[in-house]
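Given next are the chains, with one letter for each unit.
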Amino acid sequence: MAEVVLYEGRNRQIRRMCETLGLEVLRLKRTAVGSVKLGMLQPGKWRHLTASEVAYLKNLGSIKDRG
């Protein structure tokens, strides 16, 4: 098992990086988007985002849209 941290990623970037190294990716799991973390949420479960998490993600999206 390996942990990879991306600050900005592209489609299938981790799979392509591993392929270059001769590694096979069996499963990927996103554990966070910025400061919004998955935490102990069980597979198949969901939770409501807090108002501050929603504001953070909206701000993050507007920053990416600017380029």
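Everything numeric in this text was worked out from a predicted model, so none of it was measured. (Residues numbered from 1 in each chain as written. Predicted model: local features only at pLDDT ≥ 70, side-chain atom pairs only at ≥ 80, totals over all residues. Heavy atoms only, no water.)

Asker: Would you mind going over the overall build of the chain with me for this structure?
Answerer: Helices and strands together make up the secondary structure of the chain, namely 2 helices and 2 strands. N-terminal to C-terminal, the α/β element order of the chain is α-β-β-α. A compact globule built from 67 residues would reach a C-alpha radius of gyration of about 11 Å, whereas the chain, at 15 Å, exceeds it by more than 25%. Each principal axis of the C-alpha atoms in the chain carries an extent, and together these give about 45 × 35 × 15 Å. Across the 67 residues that make up the chain, the buried fraction comes to 7%. Carbon and sulfur atoms provide 55% of the accessible area of the chain, an area that totals close to 6,600 Å². Each charge class in the chain can be summarised by its mean position, and for the 13 positive and 6 negative side chains these summaries are 6 Å apart. (Helix = DSSP H or I, 4+ residues; strand = E, 2+ residues; numbered from the N terminus. Rg over C-alpha atoms; globule rule 2.2 N^0.38 Å. Buried < 20%, exposed > 50% of the residue type's maximum accessible area, 1.4 Å probe, protein only. Areas by Shrake-Rupley, 256 points an atom, 1.4 Å probe, with all protein chains shown as cover. Lys, Arg positive; Asp, Glu negative; His and termini not counted. Charge placed at Lys NZ, Arg CZ, Asp CG, Glu CD.)

Asker: In this structure, what is going on with the environment of R47? I would like to understand it.
Answerer: With respect to the element layout, R47 can be found in the loop between β2 (36-37) and α2 (51-65). Each residue touching R47, except ones within four places of it in the same chain, is listed here: V36, K37, L41 and E53. Of note is the side chain of R47, whose polar atom sits 2.9 Å from the side chain of E53. (Contact = heavy atoms within 4.5 Å. Polar contact = N/O pair within 3.5 Å; in protein donor to acceptor, adjacent residues only side chain to side chain.)

Asker: Explain the pattern of salt bridges to me, please; I cannot follow it from the model alone.
Answerer: Side chains that carry opposite charge are capable of pairing whenever their charged atoms lie near each other. Scanning the entire structure with this criterion turns up 2 salt bridges. We note a salt bridge from R10 to E8, for which the minimum N-O separation is 3.1 Å. For the pair formed by R10 and E8, the shared burial category is exposed. Here E53 and R47 are joined by a salt bridge, their closest N and O atoms 2.9 Å apart. (Salt bridge = Lys/Arg side-chain N within 4 Å of Asp/Glu carboxyl O.)

Asker: Can you help me understand unusual backbone geometry in this one?
Answerer: Peptide bonds are trans in most cases, and residues, glycine excluded, mostly fall at negative phi. Residues other than glycine seldom take positive phi values, yet R12 does so here, at roughly 60°. Turning to its location among the elements, R12 is positioned in the segment before α1 (13-20). By relative accessible area, R12 is classed as partly exposed at 48%.

Remember, this is a structural readout, not a statement about activity or role.
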